[in-house]
Amino acid sequence: MSAVQGQLPLEGMPRRLYSCTPSRLNAWLDCRRRYRFSYLDRPQPSKGPAWAHNSVGASVHNALAGWWREPYERRSPLTAAILLTNGWITEGFRDAEQSAHWLGRARDLVSGYVATLDPTDDPVGVERTVATRTKVMALSGRIDRLDRRGDELVVVDYKTGRRPLTQDDARSSLALAVYAVAASTMMRTPCRTVELHHLPTGEILEWRHTEESLERHLRRAEELATEASAADERYRAVMPAPARAPGRTASRGGGSRGGGSSGSVPAAASGGTSGRTPGAAAGGTSGGAPGAAVGGAAGGAPGERPFVGPAAVPDEIDALFPPNPGPICSWCDFRRHCPEGRSVAPDRRPWDGLAE
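These numbers come from a predicted model, not from an experiment. (Residues numbered from 1 in each chain as written. Predicted model: local features only at pLDDT ≥ 70, side-chain atom pairs only at ≥ 80, totals over all residues. Heavy atoms only, no water.)

Student: I would appreciate a short explanation of the pairing of strand β2 (residues 125-133) in the present structure.
Tutor: Regular strands show a simple pattern: their side chains alternate between the two faces of the sheet. Judged from the 8 bridges that link them, β2 and strand β3 (residues 137-149) form a sheet pairing that is antiparallel. Bridged to T132 within β3 is L139. Two successive antiparallel strands, β2 and β3, enclose a turn made up of 3 residues. (Pairing = 2+ DSSP bridges. Helix = DSSP H or I, 4+ residues; strand = E, 2+ residues; numbered from the N terminus.)

Student: What is the right way to look at the environment of A65 in this model?
Tutor: Topologically, A65 is positioned in helix α3 (residues 52-68). Separated by 60 residues in sequence, A65 and G125 have C-alpha atoms that sit 9.7 Å apart.

Student: I tried to follow the pattern of salt bridges on my own but got confused; where do I start?
Tutor: A side chain of one charge can pair with a side chain of the opposite charge if their charged atoms are brought near each other. One pass over the full model with this rule turns up 27 salt bridges. Among the ionic pairs, R33 bridges to E340, the shortest N-O distance being 2.7 Å. A residue pair is termed long-range when its members are at least 10 positions apart, and R33 in helix α2 (residues 32-39) and E340 in helix α10 (residues 339-344) qualify at 307 residues. On the basis of relative accessibility, which here comes to 30%, the residue E340 falls in the partly exposed class. (Salt bridge = Lys/Arg side-chain N within 4 Å of Asp/Glu carboxyl O. Buried < 20%, exposed > 50% of the residue type's maximum accessible area, 1.4 Å probe, protein only.)

Student: Would you mind showing me how to read the nonpolar core here?
Tutor: Nonpolar side chains in soluble globular proteins tend to end up buried together. Membership of the largest hydrophobic core comes to 44 residues, with the highest contact counts inside it found for Y18, L25, Y35, M137, V155, Y235 and F321. Elements that contribute at least two residues to this core include exactly β1 (18-20), α1 (22-30), α2, β3, β4 (152-159), α7 (174-187), β5 (191-198) and α8 (211-238). For this core, the element with the most residues is α7, which contributes 10 residues. Core analysis: the next-biggest nonpolar cluster, separate from the first, contains 27 residues, F93, L103, A106 and L109 among them. (Core = buried A, V, L, I, M, F, W, Y, C linked by side-chain atoms within 4.5 Å.)

Student: Is there a simple way to think about the packing of aromatic side chains in this case?
Tutor: The description of an aromatic ring pair uses the distance of the two centres, along with the angle that the planes make with each other. Using the criterion set out here, one finds 10 aromatic pairs in the structure. For the pair W28 and Y35, a centre-to-centre distance of 5.2 Å together with 75 degrees between the ring planes defines the contact as edge-to-face. Judged by its relative accessible area of 3%, W28 is buried. Residue class for Y35 comes out buried when judged on its relative accessible area of 0%. Consider the rings of Y35 and Y39, whose centres lie 5.3 Å apart with planes at 45 degrees: the pair is tilted. Here Y35 pairs with Y39, and both are found in helix α2, just 4 residues apart, close to one helical turn. The buried category is assigned to Y39, whose relative accessible area is 0%. Among the aromatic residues, ring-to-ring pairing joins W28, Y35, Y39, Y235 and F321 into one connected group. (Phe/Tyr/Trp six-rings, centres within 6.5 Å; stacked < 30°, edge-to-face > 60°.)

Student: Teacher, can you tell me more about unusual backbone geometry here?
Tutor: What is expected of a backbone is that most residues other than glycine have negative phi and most peptide bonds are trans. Here R42 and P43 are connected by a cis peptide whose omega angle stands at 5 degrees. Within the element layout of this structure, P43 appears in the loop between α2 and α3. Of note, E127 is a non-glycine position whose phi angle comes to about 50 degrees, a positive value. Inspection of the secondary structure puts E127 in strand β2. Phi at R188 is positive, roughly 55 degrees, even though this residue is not glycine.

Student: Quick question: what am I supposed to make of the pairing of β4 here?
Tutor: Most of β4 sits inside the fold, with 7 of its 8 residues counted as buried. Where β3 meets β4, 5 bridges bridge the pair, whose relative direction is antiparallel. Paired with R148 across the two strands is L153, which belongs to β4. Two elements, β4 and β5, share 7 bridges in a ladder whose sense is parallel. Looking at β5, one finds that V156 is bridged to E195.

Shown next, in the form of structure tokens:
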């Protein structure tokens, strides 16, 4: 029996590296059903409306990135506020009044934060993509900011969520650790320190890794990549390839920060900057549901994208990608398609993640 039929490849044959981001690995760790919906089912099942807290986070991140791209003489708190205002994302808010209120709060966040920075101290990178390879995976991701401190690099990650952070959040972050490894590899400069900059409180949570702790995180990433890669291969062996629209190339998913490729924890929990989720359970079924378009996302209203359910999969695949029901299900992009998630966690409105 061939590898396509589910057997392991012949001994000594090279295996394709598993291409991933930290977001993809964390999706596999958090909920395998959400992972399947995000990266394997094509067309991807419909997501719900945008989260307001993600709009705040993305707007702040974009403004801070733009601030560093301004000439030295324009890097002021006023410029940060202007960039935030010009790039404000209005999705997910209850109404214009709530959006305007949070625009004002976000302006204060970015202007107050940049007032603590040295505008002449250029980072090594802003929204910098880094990558590294092992024998198992090809991992890449985008760093909010990469600083040089003396002879070393420092990974900086902005956080806008209402939940106070601790040093343990920096220490335990798989994403920050592998970003440090990737930055060190690409820049050929040591990178062991990672920082979470929590804008609402002004706190900077720092953790300095050792070579051993970075290696542990990398091995953990490889373990997740090995598991997910094997599941991906089985999915592709069993499921037919998706039909290609004329002039378009089919894709089986990728994912990057800001792309909203997986379910998003609210700002109260993580201060995430991407992700979409429904405001209410709107029909849908479990992993074995039909994947056909069945009208508009809100009853077929004109101009709306057609509703897409999960791919119809056999029991074997449904069992390979089981749900992981818990409190986080309230905030999942694909909640409408998961009865198990809806049964254990209440519905949330798109603005419920805001720190009102």
